[in-house]
Amino acid sequence: MTQQPSLHIDIFTLFPGMFEGPFRESIVARAVESGQATIALHDIRDWTHDRHRSVDDRPYGGGAGMVMMAPPVVESVESVLGEDLEKTRILLMSPAGVRFTQGMAREIAGSARLALICGHYEGIDARVETILGAETVSIGDYVLTGGELPAMVIVDAVARLLPGVIRAESTDEESHEGAGVEYPHFTRPVEYRGEVVPDILLSGHHQNIREWRAAQAAEVLERRNQRETAPPGDQTE
Ligand code: SAM
């Protein structure tokens, strides 16, 4: 009996070629090869109706740049998802969206189908979100040229959580799995350019190591929070 893939991902984009390299390597490739994920790329231009395959137009109300028109986006998603539309989580990439988190990655990894819509130019006609019942999602507070890199980020974060793709112990204790971040790691050599691995990690005393790591993780988090709240230009420790 063939194993059913646990997650099917549809990506709607104007630049399907951008995904080729990143999806051919490492964890995403492993998730696909092991049958835990299938990924289908859809060129939104295939759902245009004019000779020029136009996907964008000037914004109503004026302003800079071009806006992706609703019809090709809506029709591409509707025709690909078909009767699965209602039960598929549809994420629309937008710097103004809800910030993507590890918690969301876990939720998606436990679902059967995901659709990602990549914007470009000034973004996508706002009616797409309503018509498709999509959620707008941001990967951080900065503006990228298009939604392709954010979509790759989301696929990567989800793929590594799919069953069997990497060992569960590797992901269970990672940063952002709870409220915290992970402790610092060290490997051979013991001494490098005068920097030495903390003695405790060489002691073989598991309880002490656990406690040390917990304390280190708290310190890392504290330093990170301080840097994030420091005024611009004052990023010193
Ligand atoms: N005019 C938009 C604004 O100010 O919010 C920015 C549009 S951006 C140049 C073009 C597209 O890139 C967006 O529609 C979105 O799909 C994607 N994008 C850019 N930054 C992103 C981010 N931080 N998270 C998710 N998507 C992003």
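Only a predicted model underlies this, so the values are computations on that prediction, with no experimental measurement involved. (Residues numbered from 1 in each chain as written. Predicted model: local features only at pLDDT ≥ 70, side-chain atom pairs only at ≥ 80, totals over all residues. Heavy atoms only, no water.)

Attention now goes to the pattern of salt bridges. According to the stated counting rule, one finds eleven salt bridges in the structure shown. Between R53 and D46 there is a salt bridge, with its nearest N and O atoms 3.4 Å apart. Given the relative accessible area of 49%, D46 is considered partly exposed. Across the salt bridge formed by D84 and R113, the nearest N and O atoms sit 2.8 Å from each other. Linking D84 in the loop between α3 (70–81) and β5 (89–99) with R113 in strand β6 (residues 113–117), this pair joins segments that are 29 residues apart in sequence. Relative accessible area serves as the criterion here: at 16%, R113 is assigned to the buried category. If you follow the salt bridges from partner to partner, you end up with D10, D84, K87 and R113 in one network. (Salt bridge = Lys/Arg side-chain N within 4 Å of Asp/Glu carboxyl O. Buried < 20%, exposed > 50% of the residue type's maximum accessible area, 1.4 Å probe, protein only. Helix = DSSP H or I, 4+ residues; strand = E, 2+ residues; numbered from the N terminus.)

We now examine unusual backbone geometry. Cis geometry marks the peptide bond from R188 to P189; its omega dihedral reads 0°. For P189, the position within the fold is in the loop between α7 (168–172) and β8 (191–192). Look at R193: it is not a glycine, yet its phi comes out positive at around 50°. Mapped onto the elements of the fold, R193 is located in the loop between β8 and β9 (195–196).

By the definition in use, this model includes one aromatic pair. For the pair F19 and F23, a centre-to-centre distance of 5.4 Å together with 50° between the ring planes defines the contact as tilted. Classification of F19 as buried rests on a relative accessible area of 0%. (Phe/Tyr/Trp six-rings, centres within 6.5 Å; stacked < 30°, edge-to-face > 60°.)

Here the focus is the domain arrangement of the protein. Partitioning the protein into structural domains gives domain 1 (7–159) and domain 2 (179–229). If you average the C-alpha positions of domain 1 and of domain 2, the two centres end up 38 Å apart. (Domains from an automatic or database assignment.)

To continue, consider the site of the ligand. Around the ligand sit 19 residues in total, of which M93, G119, E122, Y142 and L144 are the nearest. In this structure, an oxygen atom belonging to the ligand sits 2.7 Å away from a main-chain N or O atom of M93. In this structure, L144 approaches the ligand through a main-chain N or O atom, which is 2.9 Å from a nitrogen atom. Burial of the ligand by the protein amounts to 82% of the accessible area it has alone, namely 590 Å². Elements with a contribution of two residues or more to the shell around the ligand: β5 and β7 (135–138). Sorting elements by how many residues they give to the shell around the ligand places β5 first, with three residues. Residues that form the shell around the ligand fall into these classes: nine nonpolar, nine polar and one charged. (Near = heavy atom within 4 Å. Polar contact = N/O pair within 3.5 Å; in protein donor to acceptor, adjacent residues only side chain to side chain. Areas by Shrake-Rupley, 256 points an atom, 1.4 Å probe, with all protein chains shown as cover. Nonpolar A, V, L, I, M, F, W, Y, C, P; charged D, E, K, R; others polar.)

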